[in-house]
Amino acid sequence: IEDQIEQLYCQFILLIKKRKDFTPEHIKKAQSWMEVAGKLLEQRKTYWTVLQVSNIRAYYYQMLNDHRQTARACMEALLTFEELPYKVPSNASFSFTFKMIPGQILNQEFEQAARNIEDCLKILRPGQLNWAITKQAEVISLFHQKKYEEVLAITAQIEKYPQNYWSKESWTTYKAYAGILTGQPLRLGKFLNEVPQFAKDARGMNINILIIQIMEYIR
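A quick note: this is a predicted structure, and the numbers were derived from the prediction, not measured.

J.: What am I meant to see in the packing of helix α2 (residues 24-43) against helix α3 (residues 47-63) here?
T.: How two helices pack is summed up by the angle between their axes together with the distance between the axes. Following both chains from N to C, one finds α2 and α3 inclined at 155 degrees, their axes separated by 10 Å at the closest point. As the angle between them shows, α2 and α3 are arranged roughly antiparallel. In this structure, α2 meets α3 at a crossing whose hand is left-handed. Between α2 and α3, the contacting residues are His26, Ile27, Ala30, Gln31, Met34, Ala37, Gly38 and Leu41 on the first element and Thr49, Val50, Val53, Ile56, Arg57, Tyr60, Tyr61 and Met63 on the second.

Here it is, written out as structure tokens:
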């Protein structure tokens, strides 16, 4: 049973890998695999089977951009982990807790997002990659709530860990946005030197650089 579930999981990952758009055929195939995996899970509930089937469910609903069902699949995974007669690895709890956060931010469920962010941070050690990723989610939530001073406080936290200064140009961009929105001066030349890759990125990140320049020029 575990081998069958793992095979379904691998097929699912290969289907969604590097795809941004899904055809009805992709969705139908993914749904069938999810249903088969769910029936297999009923026969054998271990950490490994719950982990993989729950990931299939969460990824399926992410394909549909159904944030509420994604959160539901993640909550079911966390509750099932608690029912197992042994403690599961903390990275699994982090994974399903974190998956709920983007949808909660988009749905403006900021209190729920904040609780999940806090739960993730309790698991992690400051300076770790996942800690920085979680802090990035917190910053995005704060931007949605127009809490720019708090954004600056977090960027200052991140700068204390240069060895794991994950996605430095992203953090530099967040700091510039928040600085402008709180009336702080921005040395535009210095900022542009700190984001050379984003400035050249034709896939979209250069738009942030252009917006920041416009904001600085008009204020």
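Now that the structure is up, let's keep going.
J.: What is the right way to read the packing of aromatic side chains from this model?
T.: What characterises a pair of aromatic rings is the spacing of the ring centres plus the angle enclosed by the ring planes. The tally for this structure, following the rule as stated, stands at nine aromatic pairs. Here the aromatic rings of Tyr47 and Phe81 are separated by 5.8 Å at their centres, their planes lie at 40 degrees, and the arrangement is tilted. Note that Tyr47 is positioned in helix α3 and Phe81 in helix α4 (residues 67-83), a separation of 34 residues in sequence. Look at Trp171 and Tyr174: their rings are 5.4 Å apart centre to centre, the planes differ by 90 degrees, and that puts the pair in the edge-to-face class. Of this pair, Trp171 and Tyr174 both sit in helix α9 (residues 168-181), three residues apart, which is roughly one turn of the helix. Each member of the pair, Trp171 together with Tyr174, is buried. Ring pairs connect the aromatic residues Phe143, Tyr148, Trp171, Tyr174 and Tyr177, which therefore count as one cluster. Just above the ring of Phe96 sits the side chain of Lys99; from NZ or CZ to the centre is 4.9 Å.

J.: Got a minute to help me understand a nonpolar patch on the surface in this structure?
T.: A cluster of nonpolar side chains, contributed by Ile214, Tyr217 and Ile218, occupies part of the molecular surface with about 400 Å² of accessible area. Tracing the backbone through its elements, the reader meets Ile218 in helix α12 (residues 205-218).

J.: Teacher, can you tell me more about unusual backbone geometry here?
T.: What is expected of a backbone is that most residues other than glycine have negative phi and most peptide bonds are trans. Look at Asn65: it is not a glycine, yet its phi comes out positive at around 55 degrees. Residue placement: Asn65 occurs in the loop between α3 and α4. Given a relative accessible area of 58%, Asn65 falls into the exposed group. Its identity is not glycine, yet Gln108 carries a phi of approximately 60 degrees, on the positive side. Within the secondary structure, Gln108 is located in the loop between α5 (90-106) and α6 (110-123).

J.: When you look at the pattern of salt bridges in this model, what are you seeing that I'm missing?
T.: Note on pairing: side chains with opposite charge can pair once their charged atoms come close. Tallying each qualifying case throughout the model produces seven salt bridges. The residue Arg68 makes a salt bridge to Glu109 at a minimum N-O spacing of 2.5 Å. Residue Arg68 is found in helix α4, and its partner Glu109 is found in the loop between α5 and α6; the two are separated by 41 residues along the sequence. For Glu109, a relative accessible area of 17% corresponds to the buried category. Two residues, Arg72 and Glu76, come together in a salt bridge whose shortest N-O distance is 3.4 Å. Linking Arg72 with Glu76, this pair stays in helix α4, spanning four residues, or about one helical turn. Judged by relative accessible area, Glu76 falls into the partly exposed class, the value being 36%.

How each quantity is defined
- Residues numbered from 1 in each chain as written.
- Predicted model: local features only at pLDDT ≥ 70, side-chain atom pairs only at ≥ 80, totals over all residues.
- Heavy atoms only, no water.
- Axes fitted to C-alpha atoms, helices over the stretch in contact; angles between N-to-C directions.
- Helix = DSSP H or I, 4+ residues; strand = E, 2+ residues; numbered from the N terminus.
- Parallel < 35°, antiparallel > 145°, perpendicular 65-115°, else oblique.
- Left-handed = near helix turned anticlockwise from the far one by under 90°.
- Contact = heavy atoms within 4.5 Å.
- Phe/Tyr/Trp six-rings, centres within 6.5 Å; stacked < 30°, edge-to-face > 60°.
- Buried < 20%, exposed > 50% of the residue type's maximum accessible area, 1.4 Å probe, protein only.
- Lys NZ or Arg CZ within 6 Å of the ring centre and 35° of its normal.
- Patch = residues over 30% accessible without salt bridge, like charges linked within 9 Å, V, L, I, M, F, W, Y side chains within 5 Å.
- Areas by Shrake-Rupley, 256 points an atom, 1.4 Å probe, with all protein chains shown as cover.
- Salt bridge = Lys/Arg side-chain N within 4 Å of Asp/Glu carboxyl O.

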